[in-house]
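Coordinate inspection notes
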Number of protein chains: 2
Amino acid sequence: MNRTSDVIVIGGGVIGCAIGYELARRGARVLIIEMRQAGLGATQASAGMLAPYIEGRAGGALLQLAARSLAIYDEFVPQVSADSGVEIEYLRPGTLQVATDEQAASALSEEASRLVATGVAARFVGPPELAETEPLLAPDIVGGLLVPSHGYVRAGAMTSALEAALVRHGARFEIGRVLEVVRGGGCLRVKMEAAHFDARTVVLAAGSWSGRVQIENVAAVPVRPVRGQLVQLESPAPLLRHVIWGPDCYLVPWADGTLLVGATSEDAGFDERATAAGVRDLLEAVCELVPHAWQAGFTGVRVGLRPATPDELPIVGASARLPGLVYATGHYRNGILLAPLTARLVAALILEEHADPVPELSPQRFGEL
Amino acid sequence: MNRTSDVIVIGGGVIGCAIGYELARRGARVLIIEMRQAGLGATQASAGMLAPYIEGRAGGALLQLAARSLAIYDEFVPQVSADSGVEIEYLRPGTLQVATDEQAASALSEEASRLVATGVAARFVGPPELAETEPLLAPDIVGGLLVPSHGYVRAGAMTSALEAALVRHGARFEIGRVLEVVRGGGCLRVKMEAAHFDARTVVLAAGSWSGRVQIENVAAVPVRPVRGQLVQLESPAPLLRHVIWGPDCYLVPWADGTLLVGATSEDAGFDERATAAGVRDLLEAVCELVPHAWQAGFTGVRVGLRPATPDELPIVGASARLPGLVYATGHYRNGILLAPLTARLVAALILEEHADPVPELSPQRFGEL
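A brief look at the structure comes next. As the structure is a computational prediction, the values presented were derived from the model and not from experiment.

**A short note on helix H1 (residues 14-25) of chain B**
Residue and element names in this part refer to chain B. The end-to-end C-alpha separation of H1 is 16 Å, in line with the 16 Å expected for twelve residues at 1.5 Å each. For H1, a buried count of eleven out of twelve residues is recorded, marking the element as mostly surrounded by other parts of the structure. Within H1, burial applies to Val14, Ile15, Gly16, Cys17, Ala18, Ile19, Gly20, Tyr21, Glu22, Leu23 and Ala24. Remark: glycine 27 follows H1 within two positions and exhibits a positive phi of approximately 105°.

**Concerning the packing of helix H3 (residues 60-84) of chain A against helix H8 (residues 335-351) of chain A**
Residues and elements named next belong to chain A. Two elements in contact, H3 and H8, have axes whose closest approach is 7 Å; the angle formed by their N-to-C orientations is 85°. Here H3 is positioned roughly perpendicular relative to H8, judged by the angle of their axes. On H8, the residues touching Leu62, Leu65, Ala66, Arg68, Ser69, Leu70, Ile72, Tyr73, Glu75 and Phe76 of H3 are Ile336, Leu337, Leu338, Ala339, Pro340, Leu341, Arg344 and Leu345. Of the residues contributing to the contact of H3 with H8, the split by class is 14 nonpolar, one polar and three charged.

**Re the packing of aromatic side chains**
Under the counting rule described, the total for this entry stands at eleven aromatic pairs over all chains. Centre to centre, the rings of Tyr21(B) and Phe76(B) are 6.3 Å apart; their planes meet at 85°, and the pair counts as edge-to-face. Of the two residues, Tyr21(B) sits in helix H1 while Phe76(B) sits in helix H3 (residues 60-84), which places them 55 residues apart along the sequence. Through a chain of ring-to-ring contacts, the aromatic side chains of Tyr21(A), Tyr73(A), Phe76(A) and Tyr90(A) assemble into a single cluster. Over the aromatic face of Phe270(A) sits the side chain of Arg212(A), whose NZ or CZ is 3.8 Å from the ring centroid.

**A short note on the relation of the copies chain A and chain B**
Note on the chain copies: they are related by a rotation about an axis and a translation along it. By a simple turn and slide, chain A fits onto chain B: the slide is 0.1 Å along the axis, the RMSD is 0.0 Å, and the turn is 180°. The transformation relating the two chain copies, once decomposed into turn and shift, fits a two-fold axis. The rotation axis passes nearest to the C-alpha of Arg280(A) in chain A, at a distance of 2.8 Å. Mapped onto chain B, 100% of the interface residues of chain A are again interface residues, and the two copies thus contact each other with one and the same surface.

**Focus on the interface of chain A and chain B**
The interface is formed by 18 residues belonging to chain A together with 18 residues belonging to chain B. A buried area of about 1600 Å², summed over both sides, lies between chain A and chain B, and 60% of it is on carbon and sulfur atoms. Interface area lost by chain A to chain B is led by Ala276(A), Arg280(A) and Phe298(A), which between them contribute 34%. Counting every contact that joins chain A to chain B gives two salt bridges.

**Quick look at the sheet that holds strand E4 (residues 90-91) of chain A**
Strands in a sheet are paired, the pairing made by backbone hydrogen bonds, and the direction either parallel or antiparallel. Residue and element names in this part refer to chain A. The antiparallel open sheet is built from three strands, whose spatial order is E3-E8-E4. Edge positions in the open sheet fall to strand E3 (49-50) and E4, since each of these has one partner strand only. By the bridge criterion, two bridges tie E3 to strand E8 (residues 151-153) in an arrangement that is antiparallel. Looking across to E8, one finds that methionine 49 is bridged to tyrosine 152.

**Some thoughts on the environment of Leu351(A)**
All names here are of chain A. Positionally, leucine 351 belongs in helix H8. Put simply, leucine 351 and glycine 27 are 324 residues apart on the chain and 9.8 Å apart in space, counted from C-alpha to C-alpha. If near-sequence neighbours (up to four positions away) are discounted, leucine 351 is found in contact with Leu23 and Arg26.

**A few points about the sheet that holds strand E14 (residues 224-234) of chain B**
Residue and element names in this part refer to chain B. Strand order in the open sheet formed by eight strands is E6-E7-E5-E15-E16-E17-E14-E18, with mixed pairing between adjacent strands. A single partner strand is all that each edge strand has here, and the edge strands are strand E6 (123-125) and strand E18 (297-308). Pairs of neighbouring strands in the sheet enclose a mean axial angle of 20°, with direction left out of account. Of the strand pairs in this sheet, E6 and strand E7 (residues 143-147) are connected by three bridges, and their pairing is antiparallel. Among the inter-strand pairings, arginine 123 is bridged to a residue of E7, identified as leucine 146. Against the sheet, helix H4 (residues 102-117) engages strand E5 (95-99), E6 and E7, with an angle of about 25° to E7. Lying on the sheet, helix H7 (residues 276-289) is in contact with E5, E14, strand E15 (243-245), strand E16 (250-253), strand E17 (258-262) and E18; it crosses E14 at an angle near 55°.

**Observations concerning the pattern of salt bridges**
Enumeration over the complete set of coordinates arrives at 46 salt bridges over all chains. Note that Arg227(A) and Asp271(A) form a salt bridge whose closest N and O atoms lie 3.5 Å from each other. Placement of Arg227(A) in strand E14 (residues 224-234) and of Asp271(A) in the loop between strand E17 (258-262) and helix H7 (276-289) is noted, with a sequence separation of 44 residues between them. Residue Asp271(A) is classed as partly exposed on the basis of its relative accessible area, which comes to 26%. Across the pair Glu22(B) and Arg25(B) runs a salt bridge whose closest N-O atoms are separated by 2.9 Å. Taken together, the positions of Glu22(B) and Arg25(B), both in helix H1 and three residues apart, correspond to about one turn of that helix. What makes Glu22(B) buried here is its relative accessible area of 5%. Of the residues examined, Arg25(B) reaches a relative accessible area of 32% and is grouped as partly exposed. Several salt bridges converge on common partners, so that one network encompasses Arg227(A), Glu266(A), Asp271(A) and Arg273(A).

Calculation notes
Residues numbered from 1 in each chain as written. Chains lettered and ligands numbered in written order. Predicted model: local features only at pLDDT ≥ 70, side-chain atom pairs only at ≥ 80, totals over all residues. Heavy atoms only, no water. Helix = DSSP H or I, 4+ residues; strand = E, 2+ residues; numbered from the N terminus. Expected span 1.5 Å × (residues − 1). Buried < 20%, exposed > 50% of the residue type's maximum accessible area, 1.4 Å probe, protein only. Axes fitted to C-alpha atoms, helices over the stretch in contact; angles between N-to-C directions. Parallel < 35°, antiparallel > 145°, perpendicular 65-115°, else oblique. Contact = heavy atoms within 4.5 Å. Nonpolar A, V, L, I, M, F, W, Y, C, P; charged D, E, K, R; others polar. Phe/Tyr/Trp six-rings, centres within 6.5 Å; stacked < 30°, edge-to-face > 60°. Lys NZ or Arg CZ within 6 Å of the ring centre and 35° of its normal. Least-squares fit on C-alpha atoms with pLDDT ≥ 70 in both. Buried area = accessible area lost by both parts, 1.4 Å probe. Salt bridge = Lys/Arg side-chain N within 4 Å of Asp/Glu carboxyl O. Pairing = 2+ DSSP bridges.

So, in structure tokens, the structure goes:
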């Protein structure tokens, strides 16, 4: 077996797989090293929502990046699907962010005007129309902000498809824990318990576990796990027409009647258990928005650890201290949405002279990385 | 293959398996016909609680039968365990039925006196002692009735053990749907979709599905399904010392830290889904009794359909209209508790001249059965 690759990606979540896919598709020999199995990290906590104008409301870098990544989605999903032979449910039915009091409603109405002023299709939907737009919402919901370009992708299906596409493009997978990354004879060496692998470039995309990888000459990357629990309900037909964003949960209705209810945000270290409180809170929250959901089937709860950085923006870029090391981690709540863009940015950084660095995502904003 | 058995048992739940086991152990050639897989019916809704003096509080036949069956348990479990090689967690830590107001507390105190007067060990535990008896109970619980002889058995383990013991005793299993039971040449014939089986005796132990089996010359047995949902939590060590019976749920703490929270009672036909409302209600109920449970892990929800009769007592006895047919169904919430006694009653009825019929359980109380 050839133990030398062009690129080793540490982490087989959606970020690691998307990067590996982009590189392998463009001819690089890629090895993905995953701790256990692809998609068991933050992806588990993801409802796959694609909503830059909600997630990035604060403006700044996240909004721009999210909008840029969403613009790639229409091309990215069919490509991954074709390369893998795996169908990926990807729809853009729009999001409806709802308000339960007049003050929140008027804030949403103002937000609609602001979005329209910047060229984003959006409108405020008031009570008479609201019942037609989304008939099963609770009657005490007084208004909603509709953003028609928003949507969702089935995150699990996308990760599976990326894995399959990687294999078709000749990438290899290793399961196990990475202990250390060190310099060695003109390349980097990734040490595991019973093996080691060499490559010119190593991408650290290990999500919440990124800080646990020892890297020669470099400080630990500042990501901490934020637990997300996500409940899955089912009904014979979809209860909702849009992705709903409420004050205490968001709801993603799949075409088959599945309803994803996300998600808690908890500082619980590396504890990946679902809890009684988490499940209860999500069930309460969904039923406040959609009383009908009480009678929906309960089909399970998923838990994932999202990698949060101190400023809640990802870390994407080359190490200034260890040549060949590239960071792609800390995507927090936006890994699914930002995966296509991150993959392109990192592939460009590795394969092209003219990389497109995003200063706001620079690893060096957190010191000697 | 010999298609003739001494006894065919229709239904591989805890009742059917216990009867089959008792018969096979005593030398009968037994065939169990189960719709899908043993233990997927009412057993799924069972926390395995063994508490005659709670379940049978109304007095009458149920109390007597439950107490009689519990008395057999100390012998029954080790026997099944030895015959199967399967360990069965069976403990008698006592039940603590709790009251959340003074009126309920004084009713429990009176109940304690009544039980003691009839020779049952029981006592009322008031506030100062309560916190020592069960430290993690909510502070607003004002008293409890302790019945030390009560306990629980792991219902799933018991069903698995009964299955294994049946196989060791030479019994056979068939999976499939029974369409009809008819007379045929000196025996009864059980017709399935692609096969039929003959036996001198047929035991109808199909729980909620008993009324769906067509039987020559006999009316449908009056059982209806009552859905029970049961939530499973876990913590590193048991949160409770006793089985707890509260106003809205009961709690069974396993030795490994699992906490069973049972159970809803719902008329939902043959719908075996867990629901958002069911899970929420159980989580609310457990956390009202044991606030600590909020942080417990949520490991799943199980659903079972309990077979209820119009008077909520089981139907155990011979058919008066079809010789060779024996009923053992309708055990509602008490199948686990009543299984050992039911097995003995039915085996005696089939194998011995001197059967021990229980008039209150007679099928004929519901007409032409």
